[in-house]
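One-letter residues, chain by chain:
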Amino acid sequence: MFKGDMNKKRAAAILKVKDAIALHGGQTILSTGITGDDARLAKAVCDAGVKLLEPNHPALALARGHRGVTNMHAAEQIRHEISNSQMAEACKGVRNVVADDVFITVGISGGFTETLPVPLSDEHILEIARSGADGLHTHKSDWDDLKALVELAHKYGLTVDAYIGHPDDLHTFGLPARTPEEVAQVAKRMQDIGVDMIGLMTGMSYEGVAAGDIPQIIKDRLHALVNAVEVPTLAEGGINLRNAQAFRDTGVNILVVGTAIDNMVQAAAKDAVLPFIQH
């Protein structure tokens with residue numbers, strides 16, 4: 001593969017992210033879930049101003065009703081069964097209808113910490129890169145695995161957004177860090193191995209939020225991340241309209257929003273059909 005071509009492709013992708021952050025005053029959202037893999041809804045949120053999208057394999061499992069799953073927790077258990085080609089097809093459909101300046105990062109089987117082994121090859125990453133993706137969304141929890149994935153993604157011009165989790169999280173969604181000090185240490189090392197964007201999982205360990213607020217420990221962990229690295233930062237998990245402002249005050253660059261939007265879209269669909277069936 002031609003290194004110069006792929007470095008140029010990745011630089012253009014990173015610029016899309018930085019432009020989106022600047023456009024929205026230092027913090028933007030990455031829209032995932034329903035809006036990540038449905039081309040109609042992806043276009044709708046991008047028409048509203050969203051510049052970052054994330055199709056991923058658990059969301060696609062849920063969207064397709066794979067094995068009858070009806071919630072994201074169940075979809076996480078069988079996400080590895082969604083093929084690379086299915087993800088490439090979903091990404092290609094979204095790319096076809098959104099503007100070129102929209103950044104798309106894709107989660108694929110093998111890119112997360114899967115419950116069953118899913119090998120990834122050059123052919124898999126090339127297929128994703130050719131589908132119109134700008135980046136690879138990963139939740140690897142092993143340093144060697146993450147380093148290998150970064151090298152493979154960069155080889156084909158894809159950025160990598162990777163995440164830091166908590167050892168007690170319900171699902172393993174990133175490299176573990178228990179304290180804010182550990183978050184900073186892990187983030188710096190991730191940046192050193194070439195991760196292009198670093199996120200913190202914020203909703204898997206802590207149940208419930210006070211109205212309009214988030215737990216202090218999450219704020220402390222986010223501040224540790226933001227202050228430790230120079231690359232764009234993300235927060236993912238449990239972000240909704242009640243606590244979005246509190247997340248804005250942490251200095252993190254990107255809020256990853258999936259379930260909250262999914263719930264609103266599904267509620268809107270119910271409201272839309274009720275007048276037709278009520279007499």
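The structure under discussion appears in the preceding block.
Let us look at the structure shown here. (Residues numbered from 1 in each chain as written. Predicted model: local features only at pLDDT ≥ 70, side-chain atom pairs only at ≥ 80, totals over all residues. Heavy atoms only, no water.)

1. Concerning the overall build of the protein
Piece 1. The secondary structure content of the protein amounts to twelve helices and nine strands.
Piece 2. Scaling as 2.2 N^0.38, a compact globule of 279 residues should have a C-alpha radius of gyration of about 19 Å, and the protein matches this with 18 Å.
Piece 3. In terms of overall dimensions, the protein has a C-alpha envelope of 65 × 45 × 40 Å along the principal axes.
Piece 4. A burial count over the protein gives 51% of its 279 residues as buried. (Helix = DSSP H or I, 4+ residues; strand = E, 2+ residues; numbered from the N terminus. Rg over C-alpha atoms; globule rule 2.2 N^0.38 Å. Buried < 20%, exposed > 50% of the residue type's maximum accessible area, 1.4 Å probe, protein only.)

2. Focus on a nonpolar patch on the surface
Piece 1. A cluster of nonpolar side chains, contributed by Val273, Leu274, Phe276 and Ile277, occupies part of the molecular surface with about 420 Å² of accessible area.
Piece 2. Within the secondary structure, Val273 is located in helix H12 (residues 259-277). (Patch = residues over 30% accessible without salt bridge, like charges linked within 9 Å, V, L, I, M, F, W, Y side chains within 5 Å. Areas by Shrake-Rupley, 256 points an atom, 1.4 Å probe, with all protein chains shown as cover. Salt bridge = Lys/Arg side-chain N within 4 Å of Asp/Glu carboxyl O.)

3. Things to note about the side chain of Asn84
Piece 1. Structurally, the position occupied by Asn84 is in helix H6 (residues 84-97).
Piece 2. Judged by relative accessible area, which is 9%, Asn84 ranks as buried.
Piece 3. Only 2.7 Å separates the side chain of Asn84 from the side chain of Glu127, close enough to count as a polar contact.
Piece 4. Look past the residues within four positions of Asn84 in its chain and what remains in contact with it is Ile108, His124, Glu127 and Ile128. (Polar contact = N/O pair within 3.5 Å; in protein donor to acceptor, adjacent residues only side chain to side chain. Contact = heavy atoms within 4.5 Å.)

4. Some points on the environment of His124
Piece 1. Relative to the helices and strands, His124 resides in helix H7 (residues 122-130).
Piece 2. On the basis of relative accessibility, which here comes to 26%, the residue His124 falls in the partly exposed class.
Piece 3. For the pair His124 and Ile108, spaced 16 residues apart in sequence, the C-alpha to C-alpha distance is 9.2 Å.
Piece 4. Residue contacts for His124: discarding those within four places in its chain leaves Asn84 and Pro119.
Piece 5. Of the polar contacts made by the side chain of His124, one reaches the backbone nitrogen of Ser121; its length is 3.0 Å.

5. Here's the deal with the layout of surface pockets
Piece 1. Taken as a whole, the second largest pocket spans an internal volume of roughly 230 Å³.
Piece 2. Around the second largest pocket, the lining residues are Ile29, Ile239, Asn240, Leu241, Ala244, Arg248, Leu255, Val257, Ala260, Ile261, Met264 and Val265.
Piece 3. Elements with a contribution of two residues or more to the lining of the second largest pocket: helix H11 (244-248), strand E9 (254-257) and H12.
Piece 4. Considering every element that reaches the lining of the second largest pocket, the biggest residue donor is H12, with four residues.
Piece 5. Looking at the lining of the second largest pocket residue by residue, the classes come out as ten nonpolar, one polar and one charged. (1 Å grid on protein atoms, 1.4 Å probe; cavity = no way out; pocket = protein on both sides within 12 Å on 5 of 7 lines; lining within 4 Å. Points joined across faces, edges and corners; volume = space filled by probe spheres on them. Nonpolar A, V, L, I, M, F, W, Y, C, P; charged D, E, K, R; others polar.)

6. Some remarks on the nonpolar core
Piece 1. Within the largest apolar cluster, 63 residues are counted, with the highest numbers of intra-cluster contacts made by Leu53, Ile164, Met190 and Ile198.
Piece 2. Setting aside residues up to four positions removed in sequence, Leu53 forms contacts with Leu30, Ser31, Thr35, Ala42, Val45, Cys46, Val94, Val98, Val102, Phe103, Ile104 and Thr105.
Piece 3. By size, the runner-up hydrophobic cluster in this structure holds 15 residues, among which are Ala13, Ile21, Met197 and Val256. (Core = buried A, V, L, I, M, F, W, Y, C linked by side-chain atoms within 4.5 Å.)

7. Some thoughts on the pattern of salt bridges
Piece 1. Under the definition given, this model contains twelve salt bridges.
Piece 2. Ionic pairing is found between Arg79 and Glu114, a salt bridge with its closest N-O pair at 2.8 Å. A residue pair is termed long-range when its members are at least 10 positions apart, and Arg79 in the loop between helix H5 (72-78) and H6 and Glu114 in the loop between strand E3 (103-106) and H7 qualify at 35 residues. Across the pair, exposure class does not vary: Arg79 and Glu114 are buried alike.
Piece 3. The closest approach of N and O atoms between Asp122 and Lys155, which form a salt bridge, is 2.6 Å.

8. What to know about the environment of Ala59
Piece 1. Secondary-structure assignment places Ala59 in helix H4 (residues 57-63).
Piece 2. The spacing of Ala59 and Ile108 is 49 residues in sequence and 11 Å in space, taken between C-alpha atoms.
Piece 3. When sequence neighbours within four positions are dropped, the list of residues in contact with Ala59 reads Gly33, Asp37 and Met72.

9. Some words on the packing of aromatic side chains
Piece 1. One pass over the structure, following the stated rule, counts one aromatic pair.
Piece 2. Centre to centre, the rings of Phe112 and Phe173 are 6.2 Å apart; their planes meet at 85°, and the pair counts as edge-to-face. With Phe112 in the loop between E3 and H7 and Phe173 in the loop between strand E5 (159-165) and strand E6 (175-176), this pair connects stretches of sequence that are 61 residues apart.
Piece 3. Just above the ring of Trp143 sits the side chain of Arg189; from NZ or CZ to the centre is 4.0 Å. (Phe/Tyr/Trp six-rings, centres within 6.5 Å; stacked < 30°, edge-to-face > 60°. Lys NZ or Arg CZ within 6 Å of the ring centre and 35° of its normal.)

10. Topic: helix H10 (residues 216-228)
Piece 1. Here H10 contains 13 residues, and its C-alpha end-to-end distance of 18 Å stays within 8% of the 18 Å for a straight helix at 1.5 Å per residue.
Piece 2. Those residues of H10 lying buried are Ile218, Lys219, Arg221, Leu222, Ala224, Leu225 and Ala228.
Piece 3. Looking at the packing, one finds that the buried side of H10 touches E5, helix H9 (180-192), strand E7 (197-201), strand E8 (233-236) and H11. (Expected span 1.5 Å × (residues − 1).)

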